[in-house]
Amino acid sequence: MTEEIFVSPAESARQYGFTEKVRGIIKEKYGDPKVFVITYGCQQNEADSERLLGIALECGYSRAEKAEDADLIIINTCAIREHAEKKALSGAGSFKKLKEARGDRVLAVCGCMPQQEYRADQIDKSYPYVDLVFGTDRGHLLAEMLYEVLISGKRRRFVSDLPHDRLGVIAEDVPVCRESSYKAWVSVMYGCNNFCTYCIVPSVRGRERSRDPERIIDEVKSLVSGGCRDITLLGQNVNSYSGGIGFPELLDKLARIDGDFRLRFMTSHPKDASDRLTDVMAAHPKKIARHFHLPAQSGSDRILKAMNRRYTREKYMGIVKKIREKLPDAAITTDIICGFPGETDADFEDTVSLIREVGFDMIYTFVYSPRPGTAAAEMPDQIPHEIKVSRFSRLADIQNGISAGINERCVGKTFRVLSDGDGTGRSSQNKIISYDKVLPAGVFADVKITEAQAYALKGTIILKGQEKA
Ligand code: SAH
Ligand code: SF4
Ligand code: F3S
């Protein structure tokens with residue numbers, strides 16, 4: 001790891017200076033300046049948006065209820081599949097009316113989509129009303145970028161032209177405005193080195209880089225002492241964390257922090273899922289959630305190889321076996337791609353059999369979407385859309401049955417649930433459970449399951465003194 005990936009304290013101080021400058025300009029320009037952030041994509045993007053919002057508030061904006069009321073609107077985009085990009089582009093298209101209604105507001109598009117040069121060019125050409133475009137490694141510079149736009153009155157584009165093998169920084173000391181008071185994302189590492197052949201993430205998020213463990217521990221401590229109850233450690237490849245210690249050691253240290261809270265983490269890559277990780281989870285049954293999200297992508301060794309996943313089905317099943325032995329009450333969930341180039345009926349049947357063999361609590365199934373610039377997009381034997389979709393539906397049907405069976409076996413059991421304040425909450429396994437009373441958000445309660453459906457569990461709250469099932 002080289003030093004230059006860390007944004008220096010001097011640079012953070014310089015950015016703080018820009019927040020002061022922006023504050024003065026926008027107060028005069030708008031009177032009561034407001035900001036609205038729209039987020040597409042994964043948890044990493046949600047975490048990034050909380051930082052963008054944090055900086056905007058530092059600059060003197062307050063939060064708008066809806067985009068129409070805002071003087072600064074930011075769309076944080078995703079590029080993982082074509083559908084995600086279409087949504088982001090249509091979001092940018094909706095800016096046209098907003099700009100016509102009020103020409104003095106600042107409209108920004110950022111995140112993974114414009115990190116691809118051709119998309120940034122497309123926004124320049126086809127979305128002339130977008131004032132500010134920036135990539136994934138520039139979010140911490142929001143105050144400076146806003147200042148440039150506000151004083152020049154011109155469009156600005158800040159997308160790194162570094163090759164993606166040098167893309168990405170770690171910016172500490174960025175203000176964060178979290179959406180929830182009792183749940184939080186904590187990024188522990190950024191970027192990805194894996195280059196799965198279908199995936200755009202390594203190109204738009206740059207190389208793997210890990211935060212200093214002490215910074216992470218301090219952040220988690222301060223969240224816990226502020227009343228946070230559910231903390232998800234984030235990384236594109238979270239278990240390849242290497243900040244001087246490995247991911248299992250980091251998790252162990254965090255689980256030793258005093259307080260009533262749960263740790264989650266995502267996303268784990270099977271090639272980095274060590275025995276040590278399951279051992280640490282087993283050692284902290286209360287603090288570390290009983291949930292393992294372990295994307296398999298396919299059940300066929302041939303396809304796994306073509307995807308460059310660097311594990312076999314046998315290795316994957318070995319990890320599952322370990323989890324079942326050491327963490328018998330853990331939920332296992334996965335991601336599956338249907339219709340990767342060259343996927344034959346026989347390959348797909350291997351995926352079906354993997355799903356049956358593991359008995360996942362839930363699967364997130366995706367139709368393969370060719371991403372320009374990735375190796376798989378150039379492969380021969382692209383699968384026709386109808387076949388991809390029919391495979392997708394078949395997996396959904398099979399999984400419905402499996403999930404229903406798992407949920408039925410939950411009836412009569414008691415789960416410790418963290419309330420979301422609306423009569424539902426989440427168990428350690430990350431299952432949504434609804435119950436008979438409305439509890440305040442962020443409160444733990446024991447709930448005995450009385451009824452199960454494929455993707456829903458219902459129960460009654462066990463009051464203290466009542467016996468546990
Ligand atoms: N870093 C995580 C998440 C990556 S994106 C991981 O490695 O698991 C989340 C999921 O999107 C992936 O697991 C994969 O199933 C899916 N995905 C990624 N690229 C895709 C593409 N081009 N088409 C369809 N699904 C894709
Ligand atoms: Fe994409 Fe693979 Fe990296 Fe996940 S591990 S972000 S799927 S390249
Ligand atoms: Fe999408 Fe970027 Fe996340 S491409 S899935 S928002 S890392």
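Here is what the cut-offs are and how they apply
- Residues numbered from 1 in each chain as written.
- Chains lettered and ligands numbered in written order.
- Predicted model: local features only at pLDDT ≥ 70, side-chain atom pairs only at ≥ 80, totals over all residues.
- Heavy atoms only, no water.
- Helix = DSSP H or I, 4+ residues; strand = E, 2+ residues; numbered from the N terminus.
- Rg over C-alpha atoms; globule rule 2.2 N^0.38 Å.
- Buried < 20%, exposed > 50% of the residue type's maximum accessible area, 1.4 Å probe, protein only.
- Contact = heavy atoms within 4.5 Å.
- Areas by Shrake-Rupley, 256 points an atom, 1.4 Å probe, with all protein chains shown as cover.
- Core = buried A, V, L, I, M, F, W, Y, C linked by side-chain atoms within 4.5 Å.
- Near = heavy atom within 4 Å.
- Nonpolar A, V, L, I, M, F, W, Y, C, P; charged D, E, K, R; others polar.
- Phe/Tyr/Trp six-rings, centres within 6.5 Å; stacked < 30°, edge-to-face > 60°.
- Lys NZ or Arg CZ within 6 Å of the ring centre and 35° of its normal.
- Axes fitted to C-alpha atoms, helices over the stretch in contact; angles between N-to-C directions.
- Parallel < 35°, antiparallel > 145°, perpendicular 65-115°, else oblique.
- Left-handed = near helix turned anticlockwise from the far one by under 90°.
- Polar contact = N/O pair within 3.5 Å; in protein donor to acceptor, adjacent residues only side chain to side chain.
- Pairing = 2+ DSSP bridges.

**Quick word on the overall build of the protein chain**
When its secondary structure is counted, the protein chain shows 14 helices and 19 strands. The C-alpha atoms of the protein chain give 23 Å as radius of gyration, which agrees with the globular expectation for 469 residues (23 Å, within 12%). Dimensions of the protein chain, computed from the C-alpha atoms along their principal axes, are close to 65 × 60 × 45 Å. Put simply, the protein chain has 469 residues, and 54% of those count as buried. Sequence separation of at least 24 residues holds for 76% of the intrachain contacts in the protein chain that already meet a minimum separation of 6. By element, 52% of the accessible surface of the protein chain is carried by carbon and sulfur atoms, the whole surface being about 20,500 Å².

**Here we look at the nonpolar core**
With 54 residues, the main nonpolar core has Ile231, Leu233, Leu251 and Phe265 as its most contacted residues. Leave out the neighbours within four places in its chain, and Ile231 touches Ala184, Val186, Val220, Leu223, Val224, Phe261, Arg262, Leu263 and Arg264. Membership of the second largest hydrophobic core comes to 32 residues, among which are Val7, Cys59, Ala171 and Val174.

**Here's the deal with the site of ligand 3**
Near ligand 3 the following residues occur: Gly41, Cys42, Asn45, Cys78, Ala79, Ile80, Cys112, Arg205 and Gln236. Of the residues contributing to the shell around ligand 3, the split by class is five nonpolar, three polar and one charged.

**Brief notes about unusual backbone geometry**
That bond from Met266 to Thr267 is cis: its omega, 5 degrees, falls within 30 degrees of zero. Turning to its location among the elements, Thr267 is positioned in the loop between strand S11 (262-266) and helix H10 (275-283). Look at Asp173: it is not a glycine, yet its phi comes out positive at around 60 degrees. Turning to its location among the elements, Asp173 is positioned in the loop between strand S6 (156-158) and strand S7 (183-187). A relative accessible area of 54% places Asp173 in the exposed class.

**Examining the packing of aromatic side chains**
Summed over all chains, the structure comprises eight aromatic pairs. Centroid distance Phe18 to Tyr147: 5.5 Å. Interplanar angle 50 degrees. Geometry classified as tilted. Of the two residues, Phe18 sits in helix H1 (residues 9-30) while Tyr147 sits in helix H6 (residues 142-152), which places them 129 residues apart along the sequence. Between Phe265 and Phe292, the ring centres sit 5.7 Å apart and the planes meet at 85 degrees, which makes this aromatic pair edge-to-face. Of this pair, Phe265 sits in strand S11 while Phe292 sits in strand S12 (residues 291-293), and the two are 27 residues apart along the sequence. Through a chain of ring-to-ring contacts, three or more aromatic side chains come together here, namely Tyr198, Phe340 and Tyr368. Taking NZ or CZ as reference, Lys21 lies 5.2 Å from the ring centre of Tyr147, over its face. Its end group placed over the ring of Phe444, Arg416 keeps NZ or CZ at 3.9 Å from the ring centre.

**Focus: the packing of helix H8 (residues 213-225) against helix H9 (residues 247-255)**
At a minimum axis separation of 10 Å, H8 and H9 run at an interaxial angle of 30 degrees. Taken as axis vectors, H8 and H9 run roughly parallel relative to one another. Once H8 is placed against H9, the crossing between them reads as right-handed. Within the contact between the two elements, H8 uses Pro213, Ile216, Ile217 and Val220 and H9 uses Leu250, Lys253 and Leu254. Here the contact of H8 with H9 is built from residues that sort into six nonpolar, no polar and one charged.

**Some details on the site of ligand 1**
As a structural note, the neighbourhood of ligand 1 is formed by 15 residues, with Arg81, Gln236, Gln297, Asp335 and Ser369 the closest of them. Contact distances for ligand 1 include 3.0 Å between an oxygen atom and a side-chain N or O atom of Arg81. Asp335 has a polar side-chain atom sitting 2.6 Å from an oxygen atom of ligand 1. Look at ligand 1: alone it shows 530 Å² of surface, and the protein chains cover 90% of it. When residues of the shell around ligand 1 are traced back to their parent elements, those giving at least two are strand S13 (331-338) and strand S14 (362-367). Grouping the amino acids of the shell around ligand 1 by side-chain chemistry returns seven nonpolar, four polar and four charged.

**Looking at the sheet that holds S13**
Taken in spatial order, the three strands line up as S12-S13-S14 in an open sheet, and their pairing is parallel. Because the sheet does not close on itself, it has two edges, and the strands there are S12 and S14. Put simply, the sheet's adjacent strands are angled 15 degrees from each other on average, direction ignored.

**A closer look at the pairing of strand S15 (residues 414-419)**
Note: S15 against strand S18 (residues 444-453), five bridges, orientation antiparallel. Counterpart to Arg416 in the pairing with S18 is Asp446. Relative to strand S16 (residues 424-427), S15 is paired through three bridges, and the arrangement is antiparallel. Paired with Val417 across the strands is Ser427, a residue of S16. Between S15 and the antiparallel strand that follows it, S16, lie four residues; Gly421 among them carries a positive phi value of about 85 degrees.

**What about the packing of H1 against helix H2 (residues 43-58)?**
The geometry of H1 relative to H2 is characterised by a closest axis approach of 8 Å and an angle of 55 degrees between their N-to-C directions. In terms of orientation, H1 lies oblique with respect to H2. Taking contact as the criterion, the partners of Tyr16, Thr19 and Arg23 in H1 are, on H2, Ile55, Leu57 and Glu58. Partitioned by chemical class, the residues of the contact of H1 with H2 number three nonpolar, one polar and two charged.

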